[in-house]
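Coordinate inspection notes
Listed below are the residues making up each chain.
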Amino acid sequence: MIKKINILFVYIAMMFILSACSSPETEDLNKIAEEGISGLKPPKGFDVINNIDKFDEVTENQSYNRDTDADRNFNRLTTGVTDTGDILYAVSGGDWIIYCDKKTGSSGLLCGKPDCGHVNEECNAYMVNCWGIQYYNGYLYTVQSDRSDDVFKLKKISTDGSEREDLGKLVDKDTITDGGQSIVWAIHRGYIYYVYQLAVQAEDTYYLNNSNCVYRRSLEKDSKPECIMPLPLQSWFGECEFIGTGSYVYMLIPTADNKEDCSLYRLNTETGKLEWFKEWGNNIRGAGVHNNKIYYLESDRGAEKFKMYFYNPETEEKSVLFETEGISAGMSYDDDYIYITVSFDNDVWKREVWSWEGIHLADMEFSSDGISGDDGRIRGLAGSDEERIYISCILKDEENIYNVPIMGMPIVIEYIEKEDISDGEYKLKEWSDMGTKNK
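Description of the structure in this document.

As for the overall build of the protein
The secondary structure content of the protein amounts to three helices and 31 strands. For the protein, buried positions account for 53% of its 439 residues. Within the protein, contacts between residues separated by at least 24 positions form 50% of all contacts whose residues are at least 6 apart in sequence. Carbon and sulfur atoms provide 45% of the accessible area of the protein, an area that totals close to 19600 Å².

Here it is in C-alpha cells:
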C-alpha cells in the first residue's frame, strides 16, 4: 500500500531580477550596425560527440565528494539551501543567510557580531539579492545581483560569515538594451557552470550579448568564461539543470521553441569534450547517476505518463525501472531514494518516493495554492541527507523571527525523518526538535 504524507507542498517560483547583460564584442557591434541585431550569432561551444560508442572513458576517482562536487541533494535556486554535513545554510528573503545546526538544533542569522543591528552589509548575514547558495571546499558561494549596478557577481563567503571575497563578474553590464536577466548555476570540481537569459525572448535578440549559452568559469578570481554550448533558439533556459558527478557534468538542455522537453548532455571534464545522448531523445525531464548507472526520466506528454530508465555503461544495456503518471514531472535523488514530482493539473501535485529498486514507497502531497495545514505557510522540498528530508517553509512577513528591519518571505527549515517513510509515522518536525533528539 502506498502511504501518504499529509503535508501540502509547493514549488517556490524563481524571482527574476531586472538587470542587464554582457557587453558585446566589437565584431558584434559592427554586425549590428550593418545587419541589425539579427546579425548576432552565438559563440562557438565545445566539440560534441553524439554516439555513445565513441564516448571517452575517464580515469579519475568518480566517488562523490561533498566538499568538491555539486550539491546533488539540494536545489540551490528554488530553495536556496546547501549542506556542509553538520550545518544547513539557506537564503532567507533573498537577502539574508541563515544557518541550521543539525547537532544542536540551533538556527538563526549567520551573524556573530555583538550588538549588530542587521541593517546593511556590515552585518555578516546580509547579502543583497542572492541567487542561491552552495557549499564548496570549506566555503559558501553565492551569485549576487547588486542593486547598484545590476551585475551578476560570484561571491565566496566563510562558513561563519565573517569573510567575503568578490570573485568577479559572471555577466557584464549591457551597453545596448536594458532587459531582465536570470541565472541558473552550479559549482563542481573547481568550476562554476551557468546559463543566463534576457527577459525579452524574441528570435533576433535571443543571443544578444552571448546570453542563452552554457558557460563554465574557474573559481579563480576574475577568470574568464568558456562557452560550452549555445542553447537551441528560443528554448526556455529555466529548464536547464546541472548535475555534477565525478569527472562529468550532466546537463539537461531544453529543445528549440520548447516543442519537446530536454535533451541530455554531459561534459567530460577530463577530455573537455561534450557528449550528447542523442539516441535517448528530447523528452527527458530529469537525470542522475547512482552506483555508476545513469538514470533518466522520460515523458510522454500525449499519454500523460513517465518512464524511469537506467543505463549500465559497462554492459551497454538500458532498462525501464518504473512508470508513473502525470502531465509534468521533475526528478531529484539521494543515496536512498528517487524523488519524482508530478502534477495532474494546475492545483494538484505530489512528490513520489521511489527506491532504487523501482519500488513506490510513499507520496508527499502538496498544492499549488501554497497553503499547508492550518498555518497558511508555503512549503517546498529543500533537500535530503542520510537521515532526513528537509522542507523549506516560508513564513508570513509579520513573523519576523530573525529580528531584522525588513525581510520579505522569511524562511525556516523543517524536516521529516527518513525512517518514518518505512514505518508510516510521518510527522513534520520543527528545527528545534533536532536538538532534543541529539541530547
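Some details on the sheet that holds strand S30 (residues 411-417)
One open sheet holds the four strands; their spatial order is S28-S29-S30-S31, and the pairing between them is antiparallel. The open sheet is flanked by strand S28 (378-384) and strand S31 (429-430), the only strands paired with a single partner. Bridge count for S30 against S31 is two bridges, and the pairing is antiparallel. Following the sheet pairing, Glu414 is matched in S31 by Glu430.

Here we look at the packing of aromatic side chains
Within a pair of aromatic rings, the relevant descriptors are the distance that separates the centres and the angle that separates the planes. In this structure the tally under the stated criterion is 23 aromatic pairs. Where Trp96 meets Tyr126, the ring centres are 4.7 Å apart and the plane angle is 50 degrees; that geometry is what we call tilted. Highlighted residues: Trp96 in strand S6 (residues 96-101) and Tyr126 in the loop between strand S7 (107-109) and strand S8 (134-136), separated in sequence by 30 residues. Accessibility expressed as a relative area gives 3% for Trp96, which makes it buried. For Tyr126, a relative accessible area of 13% gives the class buried. Both rings, one in Tyr248 and one in Tyr250, keep their centres 6.0 Å apart while their planes meet at 55 degrees; by these two values the pair is tilted.

Comments concerning the sheet that holds strand S5 (residues 87-92)
Read across the open sheet, the four strands follow the order S4-S5-S6-S7; overall the sheet is antiparallel. At either end of the open sheet lies a strand with only one pairing partner, and these are strand S4 (81-83) and S7. Ignoring which end each strand starts from, the neighbouring axes of this sheet average 20 degrees apart. Judged from the three bridges that link them, S4 and S5 form a sheet pairing that is antiparallel. The residue bridging Thr82 from the neighbouring strand is Tyr89, located in S5.

A word on the environment of Trp431
Tracing the sequence through the fold places Trp431 in the loop between S31 and helix H3 (432-438). Taking the C-alpha atoms as reference points, Trp431 and Ser106, 325 residues apart in sequence, are found 7.5 Å from one another. Ignoring sequence-local partners within four residues, the contact set of Trp431 consists of Leu88, Cys100, Asp101, Lys102, Gly105, Ser106, Ser107, Tyr390, Ile413 and Tyr415. Within the local environment of Trp431, its side chain forms a polar contact with the backbone oxygen of Asp101, the two atoms lying 3.2 Å apart.

Looking at the pattern of salt bridges
Under the counting rule described, the total for this entry stands at 17 salt bridges. One salt bridge connects Lys273 with Asp56, and the closest N-O pair in it is separated by 3.7 Å. With Lys273 in strand S19 (residues 273-276) and Asp56 in the loop between strand S3 (48-49) and S4, this residue pair connects regions lying 217 residues apart in the sequence. Taking the shortest distance from any N to any O, the salt bridge between Arg388 and Glu387 comes out at 3.3 Å.

Rules and cut-offs
Residues numbered from 1 in each chain as written. Predicted model: local features only at pLDDT ≥ 70, side-chain atom pairs only at ≥ 80, totals over all residues. Heavy atoms only, no water. Helix = DSSP H or I, 4+ residues; strand = E, 2+ residues; numbered from the N terminus. Buried < 20%, exposed > 50% of the residue type's maximum accessible area, 1.4 Å probe, protein only. Contact = heavy atoms within 4.5 Å. Areas by Shrake-Rupley, 256 points an atom, 1.4 Å probe, with all protein chains shown as cover. Pairing = 2+ DSSP bridges. Phe/Tyr/Trp six-rings, centres within 6.5 Å; stacked < 30°, edge-to-face > 60°. Axes fitted to C-alpha atoms, helices over the stretch in contact; angles between N-to-C directions. Polar contact = N/O pair within 3.5 Å; in protein donor to acceptor, adjacent residues only side chain to side chain. Salt bridge = Lys/Arg side-chain N within 4 Å of Asp/Glu carboxyl O.

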